[in-house]
Amino acid sequence: MNPYYREYGTLLSERFGGKVQKLSVDLALGCPNRDGTLGRGGCIYCNNAAFSPDADKAGRPVAEQIQRGKEFFARKYPEMKYLAYFQSYTGTYAAHSRLVKAYTEALSQDDVVGIIIGTRPDCLPDSLLDTLEALRVETGKEIMIEFGVESAHDITLRRINRGHSWQTTVDAIHRTAAKGFPIGVHLILGLPGENDEMMAATVRQISALPVEAVKFHQLQVLRGTPLHTMYERGELTDILSFTATEYASLCARILKELRPDIAVDRFVAQAPDQMLVSPRWGLKNYQFTALLHRLLAAQANTPT
């Protein structure tokens, strides 16, 4: 048992009665912040291929994608249960009928105990929430919603071309929680213009909302993004550039602001090496977690 914070894997194990693995499903969807519906160009840091590099599976039948994932894990963990994770781009940005078909197909697969839908706070209308509520009752399986929030500061959201406000996030979380769906959020640490106190304030704001899980990750400069262009031109004079140890210290500080029952899914992202410009720490996720735990242990043993 991790003594420093609640781990997301523990939350899932308790909920589903055993080990659970997320299987990424790619519907080849788009984003309203790219196609002109809400904006153009997307968020300045976004290169979707960084967290969904398997272009071969995009748009393939949902059942096929899940089966391929199950075959990979089942050899080692035959008793594994699975969550289908609609992660790529905006997992609710398509025709209502297409979305319901995809979610239903995922929930009907053997050993799939639920789905996680990653989306934006401005892309989850009440009509879809009503349909998801009915689908959850019909299948008896869990449906979880994960919102890309990134920051609670409107000045930052405008600067990164996010396309929505903090109040949009607050409203979406409350509407989703009112339907009884478990909610996770995604936050980026080190966004341009933000200091430690601003990041801590975002965590405090999240802790005041009906959220059960959070993903943190460091801002990454990825090739092919507006952020990369700005970085190359030297325009980011107020961007925080962390060493791994500095970032671990930041994570230790913001954990003090996190409501204790909120589970942490991760602290770092891992972009493909050929896409990553900065920061290049050369650490795997588990190595960073070990570094963070050593720091937390040292702090716990230091007299106040």
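Residues numbered from 1 in each chain as written. Predicted model: local features only at pLDDT ≥ 70, side-chain atom pairs only at ≥ 80, totals over all residues. Heavy atoms only, no water.

**Section: the nonpolar core**
Grouped together as the largest cluster of nonpolar side chains are 78 residues, with contacts concentrated most on Tyr 45, Phe 86, Phe 216 and Phe 267. Once you skip the residues sitting within four places of it in the chain, Phe 267 turns out to touch Tyr 5, Phe 216, His 217, Gln 218, Tyr 247, Cys 251, Leu 255, Phe 288 and Leu 292. Tyr 8, Leu 11, Val 20 and Val 113 belong to the second-largest nonpolar core, a separate cluster that totals 12 residues. (Core = buried A, V, L, I, M, F, W, Y, C linked by side-chain atoms within 4.5 Å. Buried < 20%, exposed > 50% of the residue type's maximum accessible area, 1.4 Å probe, protein only. Contact = heavy atoms within 4.5 Å.)

**What about helix α10 (residues 285-300)?**
Residues that lie three or four places apart on an α-helix share one face, since the helix turns once every 3.6 residues. Taking 1.5 Å as the rise per residue, α10 with 16 residues should run 22 Å; its terminal C-alpha atoms sit 22 Å apart, in good agreement. The complete set of buried residues in α10 reads Phe 288, Leu 291, Leu 292 and Leu 296. Take α10 and look down its axis: the buried residues cluster within an arc of 135°, on one side only. The exposed residues of α10 that point more than 90 degrees off its buried face are Tyr 286, Arg 294 and Ala 300. Buried residues along α10 sit in contact with α9 (244-255). (Helix = DSSP H or I, 4+ residues; strand = E, 2+ residues; numbered from the N terminus. Expected span 1.5 Å × (residues − 1). Arc of directions from axis to C-beta.)

**Describing the sheet that holds strand β4 (residues 142-150)**
With respect to topology, seven strands assemble into an open sheet ordered β1-β2-β3-β4-β5-β6-β8, the strand pairing being parallel. In the strand order of this sheet, the two ends are held by β1 (20-25) and β8 (263-266), each with one partner. Going across the sheet, the axis of each strand differs from the next one's by a mean of 25°, ignoring polarity. With six bridges connecting them, strand β5 (residues 183-189) and strand β6 (residues 213-218) associate as parallel partners. Within β6, the position partnered with His 186 by the bridge is Lys 215. The sheet strands contacting helix α6 (residues 166-178) are β4 and β5, and the helix crosses β4 at an angle near 170°. (Pairing = 2+ DSSP bridges. Axes fitted to C-alpha atoms, helices over the stretch in contact; angles between N-to-C directions.)

**Some details on unusual backbone geometry**
The linkage connecting Ser 278 with the following residue, Pro 279, adopts the cis geometry, with an omega of -5°. Inspection of the secondary structure assignment puts Pro 279 in the loop between β9 (276-278) and α10. In this structure, Tyr 89 takes a positive phi of about 50° despite not being glycine. Relative to the helices and strands, Tyr 89 is located in the loop between β2 (81-86) and α3 (96-107). Relative accessible area serves as the criterion here: at 30%, Tyr 89 is assigned to the partly exposed category. The phi dihedral of Glu 150 is positive, around 75°, even though this residue is not glycine.

What is shown is where atoms sit, not what they do.
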